[in-house]
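# Tertiary structure, described
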Amino acid sequence: MISLSQEKQASSLQCARKSCIIKAEPKYRRVDHETDGSFFLTVVTALGVLAAGTVSAGAIEAGDPDPASFFDESRIPAAYDETIALAPGQSIQAALARAGQNRLADKSTKIVLSGGVYRESVNFDGGACGGIDLTAPFIALEAAPGADVAVTGAVPVPAEGWVLNFAETQWSAPLTDEMATVLSAQYPEGARPSAWLDWGIAPNLGYFSAGMLYANGEMYVRVLDCKDFLPGTMMLDFKTKKILVKPRGNFDPAAQTPELALYDDAFYVHNLSNFVLRGVSFTGAGYGAGLRAIQLQNALIENCTASRNRGIGLNISSTSYSIVRNVTISENGTHGMTGYYSSHVLFDRVIAEKNTWIGQFYSFTYWDPAGTKFCPGINNCTFVDSRWEGNFNAGIWFDTGAANITMLRCKFLRNQGNGLELEANPGPMLLKDCAFAGNGTGVCLRAADGVTFDGCTIYGNAERAVSAIHEDREGHGNTPKFINCTIASATGQLYWPLYLGDGNHRFFSDFARTYTGGGNRFYHTNPAQAFSLESGGKVVYGTLAQWQALTGQDADSTMNQGAPPALPAVTAAPITMQYLDCISPETDVPVIWTGVKGLGAQVRGNQVIAKGFVKWGNCTLLGRAGDQLVEVPVKVRPTTRQWLLIIFLFGWIWM
């Protein structure tokens, strides 16, 4: 074993991992509370770093792909020519440079990381050591057996520098020269330009700003304007070299040194073949990605996590003949996982959960980032036993050019937007034995050709089971096939199988002509009006028999009234929304709050705010926990500012 020279020791980070316990059978209780119209959410999160080492492949079932057709693990050397041992404070970048030199000398290299935190923004370009050469020796970067290893682009803000001020509502601490130099140099005007601003979708520049603070289990998004300096945000003042934080809940810099996401990427590897990455957590990236894997071939990414990054968790692009196995991607600000132009990649037991939380903060629901988004050109890829759950927008979104995609036994659960969104894809795509439950919409089709749902279950989605929206995109239309599926509507839900996104009856005719299906089990609260039909150029609703006569499909399908029997339960993602003032402490299930019933409301950041001038009285707070609607009666009263305004107006009138 060869150890690299010791570098300056970085400050330590406690890597304590906590479990988030969710009751198996949550019970709701209606509780009356008084509030000033603002309700604050705290996202309590937990992440366990996966143990290092290999994980055996999941159970192989009939029709499953052969992993060896994606990546030949038998080519990984049993013994490497050189093994480099690293400890926190030593440079991964230097070790990879040495591995590159070995590769040029036709020697394989394994880098073994002992437990702890490696504070370094790593950028390894394989082009300097042969690039995509399938005959070149392997390079491996692995955690030591049983070790918890994190590579982070964040730096600690020393606890002794924090000061509580402004009536104990704001903390401040000095920025180090490194922090000020790096962040001000990255984006001189504070934010990255984006078309989202031109489209008028982004409310301010805060979403595009670099930097994030992580402390005591919470992520604080950076804002650029004092008007957006709300609880749960942070600002950077380069003139005085200070970081300013408005806490949300408990904030104790002495208990755990806060981390400031500084560098764009925590780990960036590109232009490389024959690469193995195991057992490492990637976190603290400032705007880019925790793990950015670009233009890899014959690579294995296994037992890793990518979480608590300001931007993307995992970006895997222009990569082929590779496996991503047993990887958890969670709590990332924008995309959990994203990529483009990848082919022949096997995604085995990938979990993407609780991502796009910055969108939740800024009240974006149907916007660009998602739990996973591929755009454009992903093809010949397979997803097995993977799960998208609790993301604050779509679970997974294939945007433009996806072809020859297979998804087996995957779950799309409790995503705030669409569970699965297919946009402008030529297909074909097969989803077999998949489950869609507790999402905003289960499946959204937007110009998606050649999609087959075989043996899937779609139920308990808040808005609709399947949405088909007419878009002329890339010459593709909606041509879905549903066979042997169980599809259920919720009470008050729009009709299955078709929601006309634009109300265009011509589009309905096209859809009815291209739809194929059979052997399905439909459940609806009103079977007499369960299906979208067309009569005289208008959309009407009718029975399964009328649908069968119109389309010539679903001849052997059945319609049942009410809820389907024995549907699999919606699992609880490890995320809890806690109210400071609105819900009983024993209600610890995940709840997504959407508005106030009986009172105009807007959602801004982590608040649900009653609209209007001096409105108060009884109303109901609406939330969604899995596939259940949660209603909490609340009493809205004027804020202190409103009371003062009332007194002033009455005084002025009296005079």
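So, here's what we can say about the structure. Nothing here was measured: the structure is a model prediction, and the numbers come from that model. (Residues numbered from 1 in each chain as written. Predicted model: local features only at pLDDT ≥ 70, side-chain atom pairs only at ≥ 80, totals over all residues. Heavy atoms only, no water.)

## Remarks on unusual backbone geometry
Residues Cys375 and Pro376 are joined by a peptide bond in cis, for which omega reads -10°. Inspection of the secondary structure puts Pro376 in the loop between strand E28 (372-374) and strand E29 (379-384). Residue Gly427 is joined to Pro428 through a cis peptide bond whose omega torsion reads 0°. Position of Pro428 among the secondary structure elements: in the loop between strand E34 (418-425) and strand E35 (429-432). Backbone geometry at Asp385 places phi at a positive 50°, although glycine is not the residue there. (Helix = DSSP H or I, 4+ residues; strand = E, 2+ residues; numbered from the N terminus.)

## Considerations on the side chain of Asn332
Structurally, Asn332 is set in the loop between strand E24 (328-330) and strand E25 (337-339). By relative accessible area, which is 0% here, Asn332 ends up buried. Only 3.0 Å separates the side chain of Asn332 from the backbone oxygen of Ala306, close enough to count as a polar contact. Setting aside anything within four residues of it in sequence, one finds Asn332 in contact with Ala306, Ser307, Arg308, Asn309, Gly311, Ile312, Gly313, Lys354, Asn355, Thr356 and Trp357. (Buried < 20%, exposed > 50% of the residue type's maximum accessible area, 1.4 Å probe, protein only. Polar contact = N/O pair within 3.5 Å; in protein donor to acceptor, adjacent residues only side chain to side chain. Contact = heavy atoms within 4.5 Å.)

## Comments concerning the environment of Arg310
Along the polypeptide, Arg310 turns up in the loop between strand E21 (305-307) and strand E22 (312-317). Its relative accessible area of 1% is what places Arg310 among the buried residues. Polar contacts involving the side chain of Arg310 include one to the main-chain carbonyl oxygen of Gly211, which spans 3.5 Å.

## Considerations on helix H6 (residues 544-551)
Those residues of H6 not exposed but buried are Leu544, Trp547 and Thr551. All buried residues of H6 lie within an arc of 60° about the axis, which places them on one face of the element. Residue Gly552 follows H6 closely and has a positive phi angle near 70°. (Arc of directions from axis to C-beta.)

## Side note on the pattern of salt bridges
Charged atoms that come close allow side chains of opposite charge to pair. Per the counting criterion, the structure on display carries 22 salt bridges. Linking Arg387 and Glu389 is a salt bridge whose minimum nitrogen-to-oxygen distance equals 2.7 Å. Under the relative-accessibility criterion, Arg387 is labelled partly exposed at 22%. Under the relative-accessibility criterion, Glu389 is labelled buried at 1%. With a closest N to O distance of 3.6 Å, Glu423 and Arg446 form a salt bridge. Placement of the pair is Glu423 in strand E34 and Arg446 in strand E37 (residues 441-448), with a sequence separation of 23 residues. Residue Arg446 is classed as buried on the basis of its relative accessible area, which comes to 17%. Through salt bridges with shared partners, a single ionic network connects Glu73, Lys110, Glu142, Arg278, Glu302, Arg325, Asp348 and Arg349. (Salt bridge = Lys/Arg side-chain N within 4 Å of Asp/Glu carboxyl O.)

## Some thoughts on the sheet that holds strand E15 (residues 233-237)
Spatially, eight strands are ordered E10-E17-E13-E14-E15-E16-E12-E11 in an open sheet, and the strand pairing comes out mixed. Edge positions in the sheet fall to strand E10 (154-156) and strand E11 (163-165), since each of these pairs with one other strand and no more. On average, each strand axis in the sheet is inclined to that of its neighbour by 30°, with strand direction left out of account. Pairing of strand E12 (residues 170-174) with strand E16 (residues 242-246) involves four bridges; the strand directions are antiparallel. Residue pairing for E16: Pro174 is matched across the bridge by Lys242. (Pairing = 2+ DSSP bridges. Axes fitted to C-alpha atoms, helices over the stretch in contact; angles between N-to-C directions.)

## Side note on the pairing of strand E23 (residues 320-325)
Within E23, five of the six residues are buried, which leaves the element mostly enclosed by the surrounding structure. Here strand E20 (residues 289-302) runs beside E23; their pairing, made up of four bridges, is parallel. Within E23, the position partnered with Leu300 by the bridge is Ile323. With five bridges connecting them, E23 and strand E26 (residues 343-348) associate as parallel partners. Bridge pairing in E26 links Ser320 to Ser343.

## Looking at the packing of aromatic side chains
Counting across every chain of the model gives 20 aromatic pairs. Note on Trp171 and Phe251: the rings are 5.7 Å apart at their centroids and 55° apart in plane angle, and the pair reads as tilted. With Trp171 in strand E12 and Phe251 in the loop between E16 and strand E17 (259-261), the pair connects residues that are 80 residues apart, well separated along the chain. You can call Phe251 buried: its relative accessible area is 6%. (Phe/Tyr/Trp six-rings, centres within 6.5 Å; stacked < 30°, edge-to-face > 60°.)

Interpretation in functional terms is not warranted from these geometric data alone.
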